[in-house]
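# Commentary on secondary and tertiary structure
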Amino acid sequence: MASTNGETDQVLVEERSCGRIFILNRPKQLNALSAVMVSRLLELFLSCAEDSSVKFIIVKGKGRAFCAGGDVAAVVYDINRGNWKSGAEYFRKEFTLNYVIATYIKPQVSILNGIVMGGGAGVSVHGRFRIATEKSLFAMPETALGLFPDIGASYFLSRLPGFFGEYVGLTGARLDGAEMLACGLATHFVQSESLPLLEEALVKAATSDPMVISSVIEGFSNAPNLKKNSAYHRLDVINKCFSRRTVEDIIQALERVSADKKDDWISSTIQSLKKASPMSLKISLRSIREGRLQGIGKCLVREFRMVCHVMLGEVSKDFVEGCRAILVDKDRNPKWAPSKLESISDKMVDRYFSKVDDADWEDLKLPVNFRLPAYAIAKL
Amino acid sequence: MENANFRTQILTRHLQNHAVDSSSGAAVSRAPCLSYAPPEASASFDVSSMRKLMDGHNLGERDWLFNLMAQSKLFNPRLRGGKVFVAPDYNQSMEQQREMTMKRIQYLLDRGVFEGWMTGTGSEAEMRKLALLEVITIFDHSLAIKIGVHFFLWGGAIQFFGTKRHHDKWLRATETYLMKGCFAMTELGHGSNVRGIETITTYDPRTEEFIINTPCESAQKYWIGGAANHATHTVVFSQLNIEGKNEGVHAFITQIRDADGNICPNIRIADCGHKIGLNGVDNGRIWFDNVRIPRENILNSVADVSSDGKYLSAIKDADQRFGAFMAPLTSGRVTIAVSAVYMAKMSLAIAIRYSLTRRAFSITPNGAEVLLLDYPSHQRRLLPLLAKTYAMSFAGNYLKLLYVRRTPQLIKTLHVVSSGLKAALTWHNMRTLQECREACGGQGLKTENRIGQLKAEYDVQSTFEGDNNVLMQQVSKALLAEYVATKRKNKPFKELGLEHMNKPSPTIPSQLSSSIVHSSQFQNDIFCLRERDLLNRFAAEVSKYQAQGESKESAFNASYQLAEDLGRAFTDLAILQTFVEAENSASDASLKNVLSLVRSMYVLVTLDEDPAFLRYGYLTTENAAVVRKEVANLCSEIRPHALALVDSFGIPDAFLSPIAFDWVAANAWSASQD
């Protein structure tokens, strides 16, 4: 029983006894999160938190994607018309949604049966249960767009094993369902054919007890094998290289390994770092490193400052350029400026982490909730 | 009585709740009677700007190293209440702790943490090294000491006492741990008095070798960090006898183990055994049985011996030679002082966070129990220590800069300031640790909550690199020497911060008020007055004893009471001045506002606690009462900032402890089953 009225169609809501199923419904755009969707989701999450008849929430996507990210094309359109502030409002709302999800009192089950990128991770990974399938495809591709892993990614990437988070966040590497489960981005792996039955079982269980929900999902789970050439098998090299202090040191460490022995995986890793925006790499690495030492709230506040500076483009306009090259003109040949890591000073990087110098601008203010479950308190 | 009834009611309610929960089985852990509420976060200032001011330098490097430790299994991560904490496992045996320490060093080495520690040049490289060592000490004192011995003592001796031939051979090798160094100075019979050590070295011109010998049991080298298990080389401090003449203490490089860890011939090594703390460091004892080493192993920056056995030195006076020789070793006092402040920060961050979430007793019937930090008495226990820790943190930053920018003209100042601050900051740390331990109640006794264990781990700081009492006496001695020399020459004071004595004595208003005691003018005046008056009194007392025929030394010893008061006066003033400088450098008004509260607290609690102000009449009893009242006022003014002030310490959650966060979840039944 989907609700239908005007633009709210972009998020369909199914009421199934004690559960609510939110369906991201912009399949042509791979369910990229529009401003309308962000607002609607925020509204839905907040009202379901208050509604005692709701025990749990399922989030999934229509079509072959779960969600391919935020609607950055719209943001860049605004920036190009001199209106970065409407972009700021978009991110303010999106990050608030990420926070609400991360500290949500009721269990959320996200069914990641397809593409999960950027903003899509933001509405799922922060929740309690993330189900990967054989169709899952995860990536944080922001450094190739002149952006950085936002939506609270500095919190969850930095908490992946070792320095895998730096690898995923800087290179934009694609992970399949098995890899998502192995590194902890997903909590379960279920074959896509079992999903309808799983949904039914969850509805039938009608509980908000995470232990029960977990055991229901486990009933449908299986242990997938990592593919032979999975990056997760290379965790030792990743730890050795991506733990380095700076982006330059990371690339140098990778080159040293590759000089010892020819290795396609390392070459393509170096390639993706060299193709990414140098400024994006610098601020992304620092963001992940700070994020590892901070709670989810501080991570989002920092990322909000960063994304505002990215949109303002005072130090670099790589975001606009990246979107032009990848999304608009599709020439896949962005002209980054600054074009080299070496020409980026610490001072330039510092700028992204400072408050925005604008009378109307405010730091991200997060909602205060006094009824947090212990597992959410631990993220603060 | 009414209170007792009320308590009974509450207890009954607890028990009833418990009974209800039990009936639903596993729900016990999920519905505690008390639920944890995170501390309210309402910072009136930007915490990250404050952190920048406090840590001062190399924030990116610091965070990187925190990251490296937090992400490795070697640093013993443990899940408590949904959060990961890293801390050494102090329940391991001494042998296991020592091996873990070496493994952690190897890990940090592999990740490039020590790059440039020996081969880097300039103040930037030195500051980076100091910042990283501070982060290491936040994880574990043993790890920091083990690294400190290798780089700062062994490495520092090579750098400062050695010349090019030693640098070429050892600096790179030290940085990459091709060898492991230790530093054999202290003996069983001599610690602070290095000049009295009994190890003897002679020279054999036929073979061009030095012969090092331990002539008696009291000459055995003692407490030598790294010697018991791991070190392959040491710098030995020894008397040098050339052609029958004692030329004083010199330093020599000696190999004590081969690359496989076998002890070299004519060397005997024994273990110092289990200690009250710092068991990750393998302290050992060494005997030298006429060990022969090549002539070039003498560290010859100050003095040398020619191949035919002639003693050569540009400095004729043995005392001066010794002074020039030892001067560079202040790095130890600098790192100790600064790390003491970080431990005070750590314990305060834990105790204050706990006091903002733990409640005890209600003050109204049926009212909620009161947060510990809302009790004025609890504020009085913790917040003055917080203010002192801020002040000493700025002093530590100043000391580091003084050290890395040292010039020959500044050596005396550096010696005096580092001596005073090392003593003051390490004493402050031990006092803070004890108070925080007690402020956490029973939870303070759990090793996983860190504070209690830190007392054992850091107790040594008041002893090594100079006993605190001895160091403080050196401060007074240096001030007296400066005083006597300046008076004799009839010239103005221009060193050791005594310039204020050139001006007329400051007057303290006869009736203090709240606004006066908050003014930095008054605060500076009363600290200057105390130092100046105590120095005059001290000089007078020493000369009185001398006039009675006592030697300078025994006159000084007899005046120890004034010497102690004066040493404290000097360091308190130095600390205040660094605070004022830091406050002036803060860019933002909200930072300045809270810092001025903290500064006032630092000064006023010092006035309240040091009896010298009443004893010598710098404060009247009425004024002392005004000060005391103002301390209580400041406690309630600082209370709303307490969380932000400890958050500004920049110590990541993972390096604090479970009681600093959700201690209910950390202690839940389900957590005990993992």
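Residues numbered from 1 in each chain as written. Chains lettered and ligands numbered in written order. Predicted model: local features only at pLDDT ≥ 70, side-chain atom pairs only at ≥ 80, totals over all residues. Heavy atoms only, no water.

We now examine the overall build of chain B. A tally of helices and strands in chain B yields 23 helices and 15 strands. Relative to the globule expectation of 26 Å for 674 residues, the C-alpha radius of gyration of chain B, 27 Å, shows essentially globular dimensions. The 674 residues of chain B split such that 57% are buried. Residue pairs in contact within chain B that sit at least 24 positions apart in sequence constitute 74% of those at least 6 positions apart. One finds the centroid of the 72 positive side-chain charges in chain B at a distance of 1 Å from the centroid of its 70 negative side-chain charges. (Helix = DSSP H or I, 4+ residues; strand = E, 2+ residues; numbered from the N terminus. Rg over C-alpha atoms; globule rule 2.2 N^0.38 Å. Buried < 20%, exposed > 50% of the residue type's maximum accessible area, 1.4 Å probe, protein only. Contact = heavy atoms within 4.5 Å. Lys, Arg positive; Asp, Glu negative; His and termini not counted. Charge placed at Lys NZ, Arg CZ, Asp CG, Glu CD.)

With that settled, the discussion passes to the packing of aromatic side chains. For the structure shown, the criterion picks out 37 aromatic pairs over all chains. For the pair F95 of chain A and F304 of chain A, a centre-to-centre distance of 6.4 Å together with 80° between the ring planes defines the contact as edge-to-face. One end of the pair, F95 of chain A, is in helix α3 (residues 84-102); the other, F304 of chain A, is in helix α14 (residues 296-312), with 209 residues separating them in the sequence. Exposure class is identical for F95 of chain A and F304 of chain A. Each is buried. Relative to F579 of chain B, the ring of F394 of chain B has its centre 5.0 Å away and its plane inclined at 70°; by these criteria the two rings are edge-to-face. Taken together, the positions of F394 of chain B in helix α10 (residues 376-404) and F579 of chain B in helix α17 (residues 560-585) put the pair 185 residues apart, joining distant regions of the chain. F579 of chain B carries the same exposure label as F394 of chain B, and that label is buried. In this structure an aromatic cluster arises from ring pairing among Y90, F91, F95, F304 and W361 of chain A. (Phe/Tyr/Trp six-rings, centres within 6.5 Å; stacked < 30°, edge-to-face > 60°.)

Once that is clear, we can look at the pattern of salt bridges. If you walk through the whole model with that rule in mind, you get 67 salt bridges over all chains. For R92 of chain A, the salt bridge identified is with E89 of chain A, shortest N-O distance 3.4 Å. On the criterion of helical spacing, the pair formed by R92 of chain A and E89 of chain A is a turn pair, its members being three residues apart in helix α3. A relative accessible area of 45% means that E89 of chain A is categorised as partly exposed. With a closest N to O distance of 2.8 Å, E166 of chain A and R289 of chain A form a salt bridge. Of this pair, E166 of chain A sits in helix α6 (residues 164-171) while R289 of chain A is found in helix α13 (residues 278-291), placing the two residues 123 residues apart along the sequence. The class for E166 of chain A is buried, based on a relative accessible area of 0%. Taking the relative accessible area as the measure of exposure, R289 of chain A reaches 5% and is therefore buried. Taken together, the shared-partner salt bridges connect R51, D55, R62, D63, E134 and K400 of chain B into one network. (Salt bridge = Lys/Arg side-chain N within 4 Å of Asp/Glu carboxyl O.)

Residues and elements named next belong to chain B. Mapped onto the secondary structure, E175 falls in helix α7 (residues 164-175). On the basis of relative accessibility, which here comes to 4%, the residue E175 falls in the buried class. Setting aside anything within four residues of it in sequence, one finds E175 in contact with L109, F114, E115, G116, W117, M118, T119, G120 and F151.

Here we take up the UniProt feature "domain: Acyl-CoA oxidase C-alpha1" (unreviewed entry) in chain B. Feature annotation in UniProt places "domain: Acyl-CoA oxidase C-alpha1" (unreviewed entry) on residues 329-480 of chain B, given in this structure's numbering. Helix makes up 69% of residues 329-480 of chain B and strand 3%, with an end-to-end C-alpha separation of 23 Å. (UniProt positions renumbered as here; feature names shortened; annotations may be inferred.)

Further remarks concern the packing of α3 of chain A against α14 of chain A. All names here are of chain A. Two numbers describe how α3 lies on α14: the axes approach to 10 Å, and their chain directions differ by 165°. As judged from the angle between their axes, α3 and α14 are roughly antiparallel. Regarding α3 and α14, the two cross each other, and that crossing is right-handed. Here α3 contributes W84, G87, A88, F91, R92, F95, N98, Y99 and A102 to the contact with α14, which in turn contributes I296, G297, L300, E303, F304, V307, C308, M311 and L312. Taken together, the residues that form the contact of α3 with α14 break down as 13 nonpolar, three polar and two charged. (Axes fitted to C-alpha atoms, helices over the stretch in contact; angles between N-to-C directions. Parallel < 35°, antiparallel > 145°, perpendicular 65-115°, else oblique. Left-handed = near helix turned anticlockwise from the far one by under 90°. Nonpolar A, V, L, I, M, F, W, Y, C, P; charged D, E, K, R; others polar.)

This brings us to unusual backbone geometry. The residue after A337 of chain A, namely P338 of chain A, is reached through a cis peptide bond having omega 0°. Inspection of the secondary structure assignment puts P338 of chain A in the loop between α15 (318-328) and α16 (346-353). Positive phi is not limited to glycine here, since L496 of chain B has a value of about 55°. As for its position among the elements, L496 of chain B is in the loop between α13 (468-489) and α14 (514-518).

This paragraph deals with the packing of α6 of chain A against helix α12 (residues 264-275) of chain A. Residue and element names in this part refer to chain A. Relative orientation of the contacting elements α6 and α12 amounts to 55°, with a least axis distance of 9 Å. Taken together, the axes of α6 and α12 lie oblique to each other. Contact residues: α6 offers Y167, L170 and T171, while α12 offers W265, T269, S272 and L273. Here the contact of α6 with α12 is built from residues that sort into four nonpolar, three polar and no charged.

Another point: the confidence of the model for chain A. Per-residue confidence for chain A gives a mean pLDDT of 95, with 98% of residues at or over 70. The model gives residues 1-6 of chain A a pLDDT under 50, and that stretch makes nine contacts with residues more than four places away or in other chains. (pLDDT = per-residue confidence, 0-100.)

This part takes up a positive patch on the surface. All names here are of chain A. A contiguous patch of positive charge on the surface is contributed by R174, K275, K330 and R332. Inspection of the secondary structure assignment puts R332 in the loop between α15 and α16. Looking at R332, the relative accessible area reads 55%, which means it is exposed. (Patch = residues over 30% accessible without salt bridge, like charges linked within 9 Å, V, L, I, M, F, W, Y side chains within 5 Å. Areas by Shrake-Rupley, 256 points an atom, 1.4 Å probe, with all protein chains shown as cover.)

Moving on: the sheet that holds strand β9 (residues 267-271) of chain B. Residues and elements named next belong to chain B. Ordered in space as β6-β10-β9, the three strands form an open sheet in which the pairing is antiparallel. The open sheet has two edge strands, β6 (221-225) and β9, and neither has a second partner. Across the sheet, the mean angle from the axis of one strand to that of its neighbour is 35°, orientation sign disregarded. Direction of pairing for β6 relative to strand β10 (residues 283-288): antiparallel, over a ladder of three bridges. (Pairing = 2+ DSSP bridges.)

Let us now look at the sheet that holds strand β7 (residues 129-132) of chain A. Residue and element names in this part refer to chain A. Strand order in the open sheet formed by six strands is β1-β2-β3-β5-β7-β10, and the pairing between neighbours is mixed. Every other strand in the sheet has two partners, leaving β1 (11-16) and β10 (188-189) as the edge strands with one partner each. Across two bridges, β7 lies against β10 in parallel orientation. Residue A132 lies in a different strand from β10, and its bridge partner there is F189. Helix α8 (residues 195-205) rests against β1, β2 (19-24), β3 (56-61), β5 (108-112) and β7 of the sheet, and its axis sits at about 160° to β3.

Let's shift gears to the environment of K221 of chain B. Residue and element names in this part refer to chain B. Considering the arrangement of structural elements, one finds K221 in strand β6. Sequence separation between K221 and R285 is 64 residues, and the spatial gap between their C-alpha atoms is 5.2 Å. Here K221 is in contact with A184, M185, T186, E187, I197, T199, V236, F237, G284, R285, I286 and F288, once residues within four sequence places are set aside. Of note is the side chain of K221, whose polar atom sits 3.0 Å from the side chain of E187. (Polar contact = N/O pair within 3.5 Å; in protein donor to acceptor, adjacent residues only side chain to side chain.)

Below, the discussion takes up the environment of K316 of chain B. Residue and element names in this part refer to chain B. Along the polypeptide, K316 turns up in the loop between β13 (311-313) and α8 (318-326). You can call K316 exposed: its relative accessible area is 70%. Reaching out from K316, the side chain makes a polar contact with the backbone oxygen of S313 at a distance of 3.0 Å.

Moving on to the pairing of strand β7 (residues 233-242) of chain B. All names here are of chain B. Most of β7 is tucked away: nine of the ten residues are buried. Two strands pair when backbone bridges link them, and strand β3 (residues 181-184) and β7 are joined in this way by four bridges, in the parallel orientation. From the neighbouring strand, F183 faces β7, where its bridge partner is V235. Relative to β7, strand β4 (residues 200-204) runs parallel, the two being bridged by two bridges. Bridged to I200 within β7 is Q239. With antiparallel pairing between neighbouring strands as the criterion, β7 and strand β8 (residues 245-255) make up a hairpin whose turn holds two residues, including E243 at a positive phi of roughly 50°.

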